[in-house]
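# Report on the structure
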Amino acid sequence: MALVDTLIILIVSLLVGGFGIYVGARVATDRPSGYSHAIVTALIGSIVWGIISFFVGWIPLLGAILALVAWVGVVNWRYPGGWGTAIVIGLVAWFAAAIVLYLLALLDIVAAGALGIPGV
């Protein structure tokens, strides 16, 4: 049963992370891509975040900053508008994912946490 639970958590958190990026892209860009594009971005971003965290995450403050810059770099690569737009997408994505996860946690559906959005 633990494998099924893990897969459900992975899928739900990826969908929520993708939703956050989708909302961020809709707010920050004039040519937003679809929800599936946002899910792929969340997946790539979480993989990059994990790799950077693995190698430099142990360095206080610097490790987290480098992982966050790498994640924003993925968003910058996947969406038009440059680094400033990628930062706005990230901030809106974090806020949107936090709200969705809060509501899901309130309903006792999932615990708070989203794959593809740092710190949520």
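Before reading further, recall that the structure is shown in the block above.
Right, let's walk through the structure included here. (Residues numbered from 1 in each chain as written. Predicted model: local features only at pLDDT ≥ 70, side-chain atom pairs only at ≥ 80, totals over all residues. Heavy atoms only, no water.)

### Observations concerning the nonpolar core
Stated formally: We call a set of buried Ala, Val, Leu, Ile, Met, Phe, Trp, Tyr and Cys residues a nonpolar core when their side-chain atoms join them within 4.5 Å. Each residue is placed in one exposure class: buried if its accessible area under a 1.4 Å probe, protein chains only, is under 20% of its type's maximum, exposed if it is over 50%, and partly exposed if it falls in between. Comment: elements are numbered from the N terminus, with helices defined as DSSP H or I runs of at least four residues and strands as E runs of at least two. The contact definition used throughout considers only heavy atoms, calling two residues in contact when any of these lie within 4.5 Å.
With 13 residues, the main nonpolar core has Ile 21, Trp 71, Val 75, Tyr 79 and Ile 89 as its most contacted residues. When contributions to this core are tallied by element, the ones reaching two or more residues are helix 1 (2-28), helix 2 (35-56), helix 3 (62-78) and helix 4 (82-106). Beyond its immediate stretch of four places on either side in the chain, Val 75 contacts Thr 41, Ala 86 and Ile 89.

### Description of the packing of aromatic side chains
In plain terms, the rule: Only the six-membered ring of Trp is used, alongside the rings of Phe and Tyr, when aromatic pairs are assigned; centres must lie within 6.5 Å, and planes under 30 degrees apart are stacked while those over 60 apart are edge-to-face, with the rest tilted.
Considering all chains together, one arrives at 2 aromatic pairs under this definition. Measuring from ring centre to ring centre gives 6.1 Å for Tyr 22 and Tyr 35, while their planes differ by 85 degrees; the resulting arrangement is edge-to-face. Of this pair, Tyr 22 sits in helix 1 while Tyr 35 sits in helix 2, and the two are 13 residues apart along the sequence. Overall, the relative accessible area of 32% leaves Tyr 35 in the partly exposed class.

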